[in-house]
Amino acid sequence: MKAVNVVMDIFSSHLRNPQAVVFALRVDKLMEKLNNMVGLTKVKAGMAELRAMVEFDQWRKKLLPDAKSLMGQSFHMQFLGNPGTGKTVVARIVGELLVEMGVIAKEGDETIFNEVSRADLVAEYTGQTAPKVIGAVEKATGGVLFIDEAYSLKKEGKDKFGQEAVDTLIKEIEDKRDKVIAIFAGYDKEMETFFEANPGFKSRVPFKFFFEDYKCDELNKISEIFMEDKGFSASEPAKVWLGRTIKFATGCCEAPDICNF
């Protein structure tokens, strides 16, 4: 009974805190934005679990102040999938979510999003790579460092500057895990090979999300959304043509005559 009363007291104080209510509404709005995206079923489920885990930890800390919090752990992520599957858009939403939930310490009014690739992190001359990596992480403080085609950081064979970039990056994102979230994006198999070759990443990048290719009906829905945003609508013949084009381009033709136009 005493435990129930403690929970009710915490819940009541939470409801009386206007700032807490505002934060909760912002998180709900961001989750709604994510859930309104076409497809991404596994990603949406994974993000819902992540939100539940963070919120449970926050309630747990209020009930048991001496308990060890999850907030000291790394929240860096892998986004695995082909190009055009929504990884960059979701990364922006995730950054805002983690800021609103208090996982990342916010620096200013807007959530920072710094997208980089090998060219932004790996230099051509000795002594230049580490400062580039440090600068990129610093620029992303208060938000997300999004590393596209992350597996390209370290090429096969002897790649001294690539290895320096990886080593520096591992240290920086670990030291600043409460200030920046690193999201490593790329093809599934290439990323698996990359992470296997760099054991330091495994414990520091604990979350993995799989972005499946869009199905034909989902691509049709996306095209409708784009047209609606621009104030256009497609005629029935145009919809038929668009559907055939999508099937042909994605290789999912159901029969030879469908793609014959």
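Please refer to the structure placed before this passage.
Values in this document were obtained by computation on a predicted structure and should not be read as measured data.

1. Some thoughts on helix 4 (residues 87-100)
Turning to step 1, where the next piece is worked out: Between its terminal C-alpha atoms helix 4 stretches 20 Å, which fits the 20 Å expected from 14 residues at 1.5 Å a residue.
Turning to step 2, where the next piece is worked out: Summarising burial for helix 4: 10 of the 14 residues are buried, a large majority.
Turning to step 3, where the next piece is worked out: One or two positions beyond helix 4, positive phi appears at G102, with a value near 85 degrees.

2. Quick look at the packing of helix 6 (residues 129-139) against helix 7 (residues 160-175)
Turning to step 1, where the next piece is worked out: Interaxial distance between helix 6 and helix 7 falls to 9 Å at its minimum, and their mutual angle equals 35 degrees. Of the two possible hands of crossing, helix 6 and helix 7 adopt the one that is right-handed. Where helix 6 abuts helix 7, its residues T129, A130, V133, I134 and V137 lie against F161, E164, A165, T168, L169 and E172.
Turning to step 2, where the next piece is worked out: Here the residues of the contact of helix 6 with helix 7 sort into seven nonpolar, two polar and two charged.

3. Quick notes on unusual backbone geometry
Turning to step 1, where the next piece is worked out: Even without glycine at this site, L40 takes up a positive phi of about 60 degrees.
Turning to step 2, where the next piece is worked out: Looking at where L40 falls in the secondary structure, it is placed in the loop between helix 2 (18-35) and helix 3 (41-63).
Turning to step 3, where the next piece is worked out: For E149, which is not glycine, the phi dihedral falls at a positive 50 degrees.
Turning to step 4, where the next piece is worked out: Looking at the secondary structure, you find E149 in the loop between strand 3 (143-147) and helix 7.
Turning to step 5, where the next piece is worked out: For E149, a relative accessible area of 42% corresponds to the partly exposed category.

Quick notes on the rules
- Residues numbered from 1 in each chain as written.
- Predicted model: local features only at pLDDT ≥ 70, side-chain atom pairs only at ≥ 80, totals over all residues.
- Heavy atoms only, no water.
- Helix = DSSP H or I, 4+ residues; strand = E, 2+ residues; numbered from the N terminus.
- Expected span 1.5 Å × (residues − 1).
- Buried < 20%, exposed > 50% of the residue type's maximum accessible area, 1.4 Å probe, protein only.
- Axes fitted to C-alpha atoms, helices over the stretch in contact; angles between N-to-C directions.
- Left-handed = near helix turned anticlockwise from the far one by under 90°.
- Contact = heavy atoms within 4.5 Å.
- Nonpolar A, V, L, I, M, F, W, Y, C, P; charged D, E, K, R; others polar.

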